[in-house]
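Each chain, letter by letter, is given below.
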Amino acid sequence: SVFVFCGLRASELRPLRWHNIDLKLNKLSVKDTLVGSVKGFGKTKAARRTFTIHPFLKKTLTMWRRVHYSQFKDRTSYVFPSIGHYQDIPVPVCERTIRDFLNIAYGKLGLAKVKLIPRKDRPDKKIVVVETSKFGNNPTRTFRHFSSTSLVQAQAGNPVLDDNFIRNYQGP
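Residues numbered from 1 in each chain as written. Predicted model: local features only at pLDDT ≥ 70, side-chain atom pairs only at ≥ 80, totals over all residues. Heavy atoms only, no water.

1. Things to note about the overall build of the chain
Right, on to step 1. Counting its secondary structure elements, the chain contains six helices and nine strands.
Right, on to step 2. Of all 172 residues assigned to the chain, the portion counted as buried reaches 38%.
Right, on to step 3. At a minimum sequence separation of 6, the contacts of the chain that also span at least 24 residues come to 49%.
Right, on to step 4. Only carbon and sulfur atoms are counted for the fraction: they give 58% of the accessible area of the chain, which is about 10,900 Å². (Helix = DSSP H or I, 4+ residues; strand = E, 2+ residues; numbered from the N terminus. Buried < 20%, exposed > 50% of the residue type's maximum accessible area, 1.4 Å probe, protein only. Contact = heavy atoms within 4.5 Å. Areas by Shrake-Rupley, 256 points an atom, 1.4 Å probe, with all protein chains shown as cover.)

Laid out in structure tokens, this is it:
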């Protein structure tokens, strides 16, 4: 939902922490990026920005916070931690997890042909293989653009979406 309602890049979603989200003021701030294990501050100066939280997203984040706390307690402040650990501390969700999730969703929507095949080293685990996709080889970027455009068109004039996508748009 954060991916859709704010149009975040995967590198902006991964390092998102709970202190960057203010559910009382309905604001979500992007301050950092994370590409692989390299922390940064965004592609451009405009990448550090604040979004208004859409009412649907607020409900989703409120529920996710309860689930998150029940699973992780205070062991991590990442909004989307991985189930993997480093020295018993949950780490941010990995880029491949986001990409795989989107590719599986594309498959269910009929936008890609996807199959799960067993890993060679661990046959009990499966990997996502995309045979064909209408979104090419960069599903996160394409999905971000597609969903942002579709959402704005579907709810034209919605003040939250206008604020997040139109006011914040810096152009190519």
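2. Examining empty space enclosed by the protein
Right, on to step 1. Taken as a whole and assessed by the stated rule, the structure comprises one cavity of 30 Å³ or more.
Right, on to step 2. The calculated volume of the largest cavity comes to roughly 40 Å³.
Right, on to step 3. As for the largest cavity, its lining consists of E12, P15, L16, N20, S29, V30, K31 and D32.
Right, on to step 4. Residues belonging to the lining of the largest cavity are distributed by class as follows: three nonpolar, two polar and three charged. (1 Å grid on protein atoms, 1.4 Å probe; cavity = no way out; pocket = protein on both sides within 12 Å on 5 of 7 lines; lining within 4 Å. Points joined across faces, edges and corners; volume = space filled by probe spheres on them. Nonpolar A, V, L, I, M, F, W, Y, C, P; charged D, E, K, R; others polar.)

3. Digging into the layout of surface pockets
Right, on to step 1. Space inside the second largest pocket adds up to approximately 480 Å³.
Right, on to step 2. When contributions to the lining of the second largest pocket are tallied by element, the ones reaching two or more residues are α1 (2–6), α3 (55–72) and α4 (95–108).
Right, on to step 3. At five residues, the largest contribution of residues to the lining of the second largest pocket is made by α4.

Just distances and angles here, no functional claims.
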